[in-house]
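Residue-level listing of the chains:
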Amino acid sequence: MPQKAPYGTWKSPVTAEKLTEGSIVLENVLVDDVTGHIYHVERRPSEGGRSVLVDSISQKDLVNKDWNVRTRVHEYGGLAATASNGVVYFSNFIDRRVYRTGANLTPEPVTPDNRNWRYADLTVVKAKSSTLVAVLEDHTKPEPAHVVNKLVAIDTTSQSIITIAEGADFYSYPSISPNGKKICWIQWHLPDMPWEGSELMLADLVLAGTALTLENMKVISGKRSQVSVGQPHWASDDVLLFLNDSSGYVNPWSYSVTSFQARPVFPSAIPEDFSEPAWQFGWSDFAVLNSEMVLFASTRDGRAALSLANLVSRSLTDLPCPYSVLRQLRYVSPREITFLGAKDDESTTVVRAVLSDSGVPSYEPIKPPAFTSLPRDIISKPQAYALPMPPSNEPVHVLYYPPFNPQFAPLDGETPPVVVSIHGGPTARSLPGLSWEVQFWTSRGWAWVEVNYGGSSGYGRNYRERLRGKWGVVDVHDSVEAMQQLGARGLIDPKRTAIRGSSAGGYTVLLTLVKRPEAFATGTSLYGVSDVARLAADTHKFESRYADNLLGGTPDEIPDVYKARSPVTHADRIEAPLLILQGSADEVVPPAQAETIVEKIRKKGGRVKYILFEGEGHGWRKAEHIKKGLEAELAWYQDVFGLSPKPEAML
């Protein structure tokens, strides 16, 4: 018989300590392009947040504790390794160099000793296996305006670097045709982000002795500021597959080398996005099985869908798939792929999928999901809502997680307190799929809401561009309205509301507390933006012009908008108690963004608590900081709302 107790006071086995003891974060999966062997990269908070390359089959580490398989190109990094014919190359975070290793081998460097150079998107040139193609980001002059990105060839024997493409502001996805004669890549220019406008390039790859050069470079798809392209994969020597959003949705396209023509893969546009925004290197949302068949992941009603495409008939067949999140689809064999997948009741794991003769997939997890010791009967599953936003009644998509714990029942007539979570980006979205950090809250009797406000990804370009020129307006409106509509439906207590968010989500938190001080009782900003003009001057190169489109111009062109949309300008309007968490080494949103607004609130006599995590960057990687952050946030809300019992550890 469940015990009756007020929402927000339930005792839970999902403790901050259990969420950090031996926890891992699966960051990527990769496959040897010759042997088909599967590896993955996992982040280990208990080991200082380092990223480890693991043999997914044997579950053995390929590197010891002296290595950190991670890149900081674009600061957000991404896939930092590649494998070919039993040899693995990886970027080492500690000294920035690329290393070569393999089973039972000690890593050896293959690039010069230069800590100003960062590498990503490593690609082996099969016709000359001692050569890699990679993206190089040069921080010799560290100011964002002087950081240089280019495409390079790495001679792993001589540890020498040769530039093969330069002039654009950014590069990604170098991919070589099966016959080794062509190479393609994605490039883009400021002020665009890659999902706003980018170009797919094609060139002849010429090998002469030790030299690798490119000839006849040309743009074959995409357009600056108007059409985004991404994820090129070769289906054959003639056919190159990629993604293009000119229809208003990110859809598959193909290019023929012999006919020089690019066209959509399917006869008519499909109203689904077939990729997420390219925040990191190595995203792969489809896997080419052979020259005719391709497996695609897409977003349908906010959830992952898996489909099998026939390139000859130009048809697409939906496949049964139990995973609500699919990431990093990688080819293993003509009937087999691997990917990172999560279910509503199962956290992310490495999955092998095999197609039967009839084309029906079977799924086998090859890496156990995290936190298997936690009780599964306590899991709260997401409920999706499309809420009409006044005055246009256009939908805004939210995920609502009801409070749930089989050991407890609420008091009669009580509605739960709520934590409204605002995702970062802002061009990103909250995904379904089990997060034990969400269960940390719901199992204690809190409702949890994730708002995919106008501007979020996954719902087409028009939905994403609702935020164009209106950052700080649409996101604030949608977040408040979503909370109020859920309150009107009796799903939450509108008087016991907390809003929290990280990075751009933290910006929305701060500006919401400024513009709508009556809406939320408290807030938490995790490394959030408080001064958008200062951010444009101080942030890293990748996002240095991001605000141009989000706000409608540069700080020099529209200074009044930047001032009006900066929470720090109006810090005296913040009435709700505010918790601010910040990393001391954050180069995306530097600590000054937090410290300036904290000082202004304190001078006004407002209630604010500031916690600085030493050595952390844009998010927490170390176990002790993840634990401290969770417990601090819980303690803060319990104090604001007068709830008991107190958290497991008071700060």
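Residues numbered from 1 in each chain as written. Predicted model: local features only at pLDDT ≥ 70, side-chain atom pairs only at ≥ 80, totals over all residues. Heavy atoms only, no water.

**Things to note about the overall build of the protein**
- Across its full length, the protein carries 10 helices and 38 strands.
- Its C-alpha atoms give the protein a radius of gyration of 24 Å, near enough to 26 Å, the size a compact globule of 651 residues would have.
- The principal-axis extent of the C-alpha atoms belonging to the protein is close to 75 × 60 × 50 Å.
- Sorting the 651 residues of the protein into buried and exposed places 62% on the buried side. (Helix = DSSP H or I, 4+ residues; strand = E, 2+ residues; numbered from the N terminus. Rg over C-alpha atoms; globule rule 2.2 N^0.38 Å. Buried < 20%, exposed > 50% of the residue type's maximum accessible area, 1.4 Å probe, protein only.)

**Considering the pairing of strand S20 (residues 251–256)**
- Within S20, 6 of the 6 residues are buried, leaving the element largely enclosed by the surrounding structure.
- Bridge count for strand S19 (residues 239–244) against S20 is 6 bridges, and the pairing is antiparallel. Within S20, the residue paired with Leu 243 across the bridge is Pro 252.
- The turn joining S19 and S20, which pair antiparallel and follow one another in sequence, is formed by 6 residues; a positive phi near 105° is taken by Gly 248.
- Pairing geometry for S20 and strand S21 (residues 261–264), over 4 bridges, is antiparallel. Pairing of Ser 254 across the sheet is with Arg 263, part of S21.
- Connecting S20 to the antiparallel partner S21 that follows it, the hairpin turn spans 4 residues, and Phe 260 within it adopts a positive phi of roughly 60°. (Pairing = 2+ DSSP bridges.)

**Notes on the confidence of the model for the protein**
- With 99% of its residues at a pLDDT of 70 or more, the protein shows a mean pLDDT of 95.
- Here residues 646–651 scores under 50 on pLDDT; set against residues more than four positions off or in separate chains, the count is 15 contacts. (pLDDT = per-residue confidence, 0-100. Contact = heavy atoms within 4.5 Å.)

**Things to note about unusual backbone geometry**
- Looking along the chain, the bond that leaves Leu 190 and enters Pro 191 is cis, with omega of 10°.
- With respect to the element layout, Pro 191 can be found in the loop between strand S15 (182–188) and strand S16 (199–208).
- The step from Gly 425 to Pro 426 runs through a cis peptide bond, and the omega angle for that step is 5°.
- Mapping Pro 426 onto the fold places it in the loop between strand S33 (418–422) and helix H2 (436–442).

**Comments concerning the pattern of salt bridges**
- Applying the stated rule across the entire model yields 38 salt bridges.
- One salt bridge in this structure joins Arg 621 and Glu 27, with 3.7 Å as the shortest N-O distance. On the criterion of sequence distance, the pair formed by Arg 621 in the loop between strand S38 (608–613) and helix H10 (623–641) and Glu 27 in strand S2 (residues 25–31) is long-range, its members being 594 residues apart.
- Measuring nitrogen to oxygen at the nearest pair gives 4.0 Å for the salt bridge that ties Asp 345 to Lys 381. Of this pair, Asp 345 sits in the loop between strand S27 (336–343) and strand S28 (346–355) while Lys 381 is found in the loop between strand S29 (361–365) and strand S30 (383–389), placing the two residues 36 residues apart along the sequence.
- Since its relative accessible area comes to 26%, Asp 345 is described here as partly exposed.
- Using a relative accessible area of 46% as the deciding quantity, one classes Lys 381 as partly exposed.
- Here the residues in one salt-bridge network are Glu 42, Arg 44, Glu 47, Arg 50, Asp 61 and Lys 367, joined through shared partners. (Salt bridge = Lys/Arg side-chain N within 4 Å of Asp/Glu carboxyl O.)

**Topic: the packing of helix H4 (residues 474–488) against helix H5 (residues 504–515)**
- At their nearest, the axes of H4 and H5 sit 9 Å apart, and the two run at 75° to each other. The angle between H4 and H5 places the two elements in the roughly perpendicular class. From H4, Asp 475, Val 476, Ser 479 and Val 480 reach across to H5, where they touch Tyr 507, Thr 508, Leu 511 and Thr 512.
- Partitioned by chemical class, the residues of the contact of H4 with H5 number 4 nonpolar, 3 polar and 1 charged. (Axes fitted to C-alpha atoms, helices over the stretch in contact; angles between N-to-C directions. Parallel < 35°, antiparallel > 145°, perpendicular 65-115°, else oblique. Nonpolar A, V, L, I, M, F, W, Y, C, P; charged D, E, K, R; others polar.)

**Notes on the sheet that holds S28**
- With respect to topology, 4 strands assemble into an open sheet ordered S26-S27-S28-S29, the strand pairing being antiparallel. Because the sheet does not close on itself, it has two edges, and the strands there are strand S26 (325–333) and S29. Within this sheet the neighbouring strands show an average axis-to-axis angle of 30°, counted without direction.

**Description of the sheet that holds strand S25 (residues 315–319)**
- Strand order in this open sheet of 4 strands is S22-S23-S24-S25, and the pairing throughout is antiparallel. Of all strands in the sheet, those bounded by a partner on one side alone are strand S22 (286–288) and S25. Each neighbouring strand pair of the sheet contributes to a mean axis angle of 25°, computed without reference to strand direction.
- Looking at chain direction, strand S23 (residues 293–300) and strand S24 (residues 303–310) are connected through 8 bridges and run antiparallel. Paired with Met 293 across the two strands is Asn 310, which belongs to S24.

**Some thoughts on the environment of Val 514**
- Considering the arrangement of structural elements, one finds Val 514 in helix H5.
- Separated by 55 residues in the primary sequence, Val 514 and Tyr 459 have C-alpha atoms spaced 29 Å apart.

**Comments concerning the packing of aromatic side chains**
- Summed over the entire model, instances satisfying the criterion amount to 32 aromatic pairs.
- Each ring, one from Trp 188 and one from Phe 542, has its centre 6.5 Å from the other, and the planes form 75°; the classification is edge-to-face. Taken together, the positions of Trp 188 in strand S15 and Phe 542 in the loop between helix H6 (532–538) and helix H7 (546–552) put the pair 354 residues apart, joining distant regions of the chain. Accessibility assignment for this pair places Trp 188 and Phe 542 in one class, buried.
- Both rings, one in Phe 613 and one in Trp 620, keep their centres 4.4 Å apart while their planes meet at 40°; by these two values the pair is tilted. (Phe/Tyr/Trp six-rings, centres within 6.5 Å; stacked < 30°, edge-to-face > 60°.)

**Here we look at the side chain of Glu 137**
- Within the secondary structure, Glu 137 is located in strand S11 (residues 131–138).
- There is a polar contact of 2.8 Å between the side chain of Glu 137 and the side chain of His 139.
- At 2.9 Å, the side chain of Glu 137 forms a polar contact with the side chain of Asn 149.
- If sequence neighbours within four positions are ignored, Glu 137 has contacts with Arg 72, Val 73, His 74, Asn 116, Trp 117, Arg 118, Val 147, Val 148 and Asn 149. (Polar contact = N/O pair within 3.5 Å; in protein donor to acceptor, adjacent residues only side chain to side chain.)

**Observations regarding H5**
- Taking 1.5 Å per residue, 12 residues should reach 16 Å; H5 reaches 16 Å between its end C-alpha atoms and fits that length.
- Most of H5 is tucked away, with 11 of its 12 residues classed as buried. (Expected span 1.5 Å × (residues − 1).)

**What to know about the environment of Ala 504**
- Along the chain, Ala 504 turns up in helix H5.
- Between the C-alpha atom of Ala 504 and that of Gly 197, which follows or precedes it by 307 residues, the distance is 21 Å.

**Let's talk about the side chain of Gln 231**
- Along the chain, Gln 231 falls in strand S18 (residues 229–234).
- By relative accessible area, Gln 231 is classed as buried at 4%.
- Looking at Gln 231, its side chain comes within polar contact range of the side chain of Asp 285, at 2.7 Å.
- Not counting the four nearest positions on each side in its chain, Gln 231 is found in contact with Tyr 173, Ile 186, Leu 241, Phe 242, Leu 243, Ser 275, Trp 283, Ser 284, Asp 285 and Phe 286.

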